[in-house]
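# Structure assessment
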Amino acid sequence: MDRPSYRYLILCLACVGFMISFSLRSAFIMTVTHTSHLEEEPNSVHNERSYLQRENRIDILDHIWNSSVGNHSWEVRPANGSTVARGQRVESLFYRGCTVYNTSRDYESGYGFSESVQFYSVYYLGMGPGYLTSAFILSKLEPHYVIAAGFYATAVLHILLPVVFTLSGSGVMVIRLLNGFVESAIQPAIVVISKSWAFKGEESTFLSITLVGTYLSPALASFFVGACLCYISWHASLYILAGLLLVWALLWHLFSYSSPLDCPHLSGTDMKRYKNEQNTGAKGFSSKGHKIPWRDILTSKPVWAIWVAVVNKNSNLAAVSALIPLFFKEVYGIRAADSGLLLIAPFVSNSASLLLSSYISDRLISSGKLKITTARKLMQCLGALGEAIFLICTIYVSDWRLAAAFLTLAQAMTGLCFPGFSCNTMDLSHHFTGAIGGVVCTGIFMVFVITGIASLLPDHGGPNKWTVIFWINAGIATFSSIFYLIFASGEIQPWGIGKGEENTERSSLVRTPHNEEEQPTSLAD
């Protein structure tokens, strides 16, 4: 009897690795929010300079917390319903008996709202040029090595981050910028690996399981980081998660392969099916050895349709991952540790939605009920439009429970987009999936734009800043669905076939059922 399919190990390793890496992002956001001006009490024994600065801004805070500043009546109160008085300690909603607050294990940074948002957004500024160079990197190196190197560097930078955080805001900006750059090639690389290891008809399901850790990690990290903030120390979560990421990067380095055709541990049944389906010899789906058709990629309408969808995805990421903890703190007076727990439901719903929708999409495609293009457009448009509706609902409620509920529904709809645009890069080309991924992922700059807008909006006067932010996100979601509906494609592009392999590649792109007597079980079955 053949050994279990090695691709399950690849799936598990990738899922866990991305879960740890993205948990670090959430940990940093919650740590910054926790140590910011608005988080600590005025009687904190730490950082008297920050206390005096906060006292000078108390009128602004009173205005934010106890008056309506938008075009609807938002009376900002803590979750227990009482107004926030000057000098009053806002107790934790979910954690009892916290032993860290106002001790030597706590810290008040002195960073305000603008600095906190900039620390987050500069990460994505570093990702911009990184994505542009990722295609070149993937044309020279094997994708699994690129992933290992990116996560090694990420772990080391986060080990340094707490020390630098207490010394210099400029130093934090530099580390975050470097972190964004070194991580930029990881996502295009994992798409190449997923394309290589997935059987035909299960591409969406395989990639969704691989990347579900990125969507589930904020939910898991919220509980873990909140507990660390309450019971261990303000920076404990960063050290613990960075250490775990170092261990994982070593395991990935030792046990992963860019292509199943390079894996010596593959079962005979799996090897036979991979060779029949890929029909590309030992090269797999890597762009290594192929000349990348940059002009065709950059002028392709289907590529730009994916890019616009990525812009929407990342504007949503900025609003939820970076700004929602600040939203709950400013609008409802809820602590970072508690708002982190409120984010568990949205991210769990997002993860469940993307897994279920990916499975349904693959089944509809493999059964012949929907063409690839139709399935991609259907999922993308349903998800983006649903997201826009529930984001708007989130800002027009006065109760934090309703706001959390609408946010959960918005994230559930966002999960439907995954088998739309996220898997679309695998449809357009085999060998240039990494290059396409590098181009479309430059849409990550929208996180920088959204968070930049948030940091510049005044805390008082004029339309409420949160109303502006959420309406911008809803508008982007609506526009992206229309643009994707018109220009997206799920078909192989003429430029997407490697030189000298036109005949074999075209024949391998035809999705046909496999009639061999013994076939490995597909994830979509």
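Residues numbered from 1 in each chain as written. Predicted model: local features only at pLDDT ≥ 70, side-chain atom pairs only at ≥ 80, totals over all residues. Heavy atoms only, no water.

As recorded in an unreviewed UniProt entry, the protein goes by the name Major facilitator superfamily (MFS) profile domain-containing protein, listed as coming from Elysia crispata. Quoted straight from UniProt, the Subcellular location (unreviewed entry) entry for the protein says "Membrane". (UniProt positions renumbered as here; feature names shortened; annotations may be inferred.)

## Observations regarding the overall build of the protein
The secondary structure content of the protein amounts to 22 helices and zero strands. Evaluated residue by residue, the protein yields a buried proportion of 61% over its 525 residues. In the protein, once contacts between residues fewer than 6 apart in sequence are set aside, the share between residues at least 24 apart is 85%. Looking at the protein as shown, the accessible area adds up to about 19800 Å², and 66% of this sits on carbon and sulfur atoms. (Helix = DSSP H or I, 4+ residues; strand = E, 2+ residues; numbered from the N terminus. Buried < 20%, exposed > 50% of the residue type's maximum accessible area, 1.4 Å probe, protein only. Contact = heavy atoms within 4.5 Å. Areas by Shrake-Rupley, 256 points an atom, 1.4 Å probe, with all protein chains shown as cover.)

## What to know about the environment of phenylalanine 327
Checked against the element boundaries, phenylalanine 327 lands in helix α12 (residues 301-332). Residue phenylalanine 327 is classed as buried on the basis of its relative accessible area, which comes to 1%.

## Digging into the packing of aromatic side chains
Tallied over the full model, the rule gives 14 aromatic pairs. Ring centres of tryptophan 248 and tryptophan 252 lie 5.4 Å apart, and the angle between their planes is 20°; this geometry places the pair in the stacked category. Placement of both tryptophan 248 and tryptophan 252 in helix α9 (residues 236-255) is noted, with a separation of four residues, approximately one turn of the helix. Both residues of the pair, tryptophan 248 and tryptophan 252, count as buried. An aromatic cluster is built from Tyr6, Trp197, Phe199, Tyr257 and Tyr274, whose rings are joined through pairwise contacts. Taking NZ or CZ as reference, arginine 25 lies 3.8 Å from the ring centre of phenylalanine 22, over its face. It is arginine 273 that lies over the ring of phenylalanine 199; its NZ or CZ is 4.2 Å from the centre. (Phe/Tyr/Trp six-rings, centres within 6.5 Å; stacked < 30°, edge-to-face > 60°. Lys NZ or Arg CZ within 6 Å of the ring centre and 35° of its normal.)

## Remarks on the pattern of salt bridges
Considering all chains together, one arrives at four salt bridges under this definition. The salt bridge partner of arginine 25 is glutamate 183, with a shortest N-O separation of 3.3 Å. A residue pair is termed long-range when its members are at least 10 positions apart, and arginine 25 in helix α1 (residues 7-35) and glutamate 183 in helix α6 (residues 169-183) qualify at 158 residues. Residue classification places glutamate 183 among the buried residues on the basis of a relative accessible area of 4%. A salt bridge links aspartate 427 to arginine 376, with the nearest nitrogen and oxygen atoms 2.7 Å apart. Placement of the pair is aspartate 427 in helix α18 (residues 424-428) and arginine 376 in helix α15 (residues 372-395), with a sequence separation of 51 residues. Looking at aspartate 427, the relative accessible area reads 8%, which means it is buried. (Salt bridge = Lys/Arg side-chain N within 4 Å of Asp/Glu carboxyl O.)

## Details of the nonpolar core
Ile147, Phe151, Phe165, Ile190, Trp197, Trp248 and Trp252 are the most contacted members of the largest nonpolar core, which has 62 residues in total. Per-element accounting of this core gives the leading share, 13 residues, to α1. Dropping the residues within four chain positions of it, phenylalanine 151 is found in contact with Gly17, Phe18, Ser21, Ile186, Leu245, Trp248 and Ala249. Judged by nonpolar contacts, the second largest core, of 28 residues, contains Phe432, Ala435, Val440 and Ala488. (Core = buried A, V, L, I, M, F, W, Y, C linked by side-chain atoms within 4.5 Å.)

## Some details on α9
When the terminal C-alpha atoms of α9 are compared, their 29 Å separation across 20 residues agrees well with the 28 Å that a helix rising 1.5 Å per residue should span. Along α9, the residues that are buried comprise Ala236, Ser237, Leu238, Leu241, Ala242, Leu245, Trp248, Ala249 and Trp252. Where the residues of α9 are buried, they touch α1, α5 (143-165), α7 (186-197) and α8 (203-231). (Expected span 1.5 Å × (residues − 1).)

## Concerning empty space enclosed by the protein
For the structure on display, the rule yields twelve cavities of 30 Å³ or more. Considering only enclosed or pocket space, the second largest cavity measures out at about 170 Å³ in volume. Considering the residues around the second largest cavity, the lining is formed by 17 residues, among which Gln187, Val310, Phe421, Ser422 and Cys441 are closest to the centre. Secondary structure elements with two or more residues in the lining of the second largest cavity: α7, α8, α12, α17 (418-422) and α19 (433-440). With four residues, α12 is the single largest residue contributor to the lining of the second largest cavity. Its residues assigned to classes, the lining of the second largest cavity shows eleven nonpolar, five polar and one charged. (1 Å grid on protein atoms, 1.4 Å probe; cavity = no way out; pocket = protein on both sides within 12 Å on 5 of 7 lines; lining within 4 Å. Points joined across faces, edges and corners; volume = space filled by probe spheres on them. Nonpolar A, V, L, I, M, F, W, Y, C, P; charged D, E, K, R; others polar.)

## Side note on the packing of α8 against helix α14 (residues 344-366)
Packing of α8 against α14 leaves a shortest axis separation of 8 Å and a crossing angle of 175°. With respect to their mutual orientation, α8 and α14 come out roughly antiparallel. Seen from α8, the contacting residues are Glu203, Ser204, Thr205, Ser208, Ile209, Val212, Tyr215, Leu216, Pro218, Ala219, Ser222 and Phe223; seen from α14, they are Ile344, Phe347, Val348, Asn350, Ser351, Leu354, Leu355, Ser358, Tyr359, Ser361 and Asp362. The residue inventory of the contact of α8 with α14, partitioned by class, reads 13 nonpolar, eight polar and two charged. (Axes fitted to C-alpha atoms, helices over the stretch in contact; angles between N-to-C directions. Parallel < 35°, antiparallel > 145°, perpendicular 65-115°, else oblique.)

## Describing the side chain of serine 194
Assignment of secondary structure puts serine 194 in helix α7. Looking at serine 194, the relative accessible area reads 1%, which means it is buried. When sequence neighbours within four positions are dropped, the list of residues in contact with serine 194 reads Phe206, Leu207 and Thr210.

## As for a nonpolar patch on the surface
Side chains of Leu9, Val247, Leu250, Leu251, Leu254 and Phe255 sit close together on the surface and give an oily, nonpolar patch of about 510 Å² of accessible area. Here the element with the most residues in the nonpolar patch is α9; it accounts for five residues. Inspection of the secondary structure puts valine 247 in helix α9. (Patch = residues over 30% accessible without salt bridge, like charges linked within 9 Å, V, L, I, M, F, W, Y side chains within 5 Å.)

## Focus on the packing of α5 against α9
Packing of α5 against α9 leaves a shortest axis separation of 9 Å and a crossing angle of 160°. It follows that α5 is roughly antiparallel to α9 by the angle criterion. Considering the relative orientation of α5 and α9, their crossing is left-handed. Along the contact surface, α5 presents His144, Tyr145, Ile147, Ala148, Phe151, Tyr152, Thr154, Ala155, His158, Ile159, Pro162 and Val163, while α9 presents Leu238, Tyr239, Ala242, Leu245, Leu246, Trp248, Ala249, Leu250, Trp252 and His253. Broken down by class, the residue content of the contact of α5 with α9 amounts to 18 nonpolar, four polar and no charged. (Left-handed = near helix turned anticlockwise from the far one by under 90°.)

## Here we look at the environment of methionine 127
Along the polypeptide, methionine 127 turns up in helix α4 (residues 113-140). A relative accessible area of 2% places methionine 127 in the buried class. The contact partners of methionine 127, leaving out residues within four places of it in the chain, are Arg25, Gly180, Phe181, Glu183, Ser184 and Ile444.

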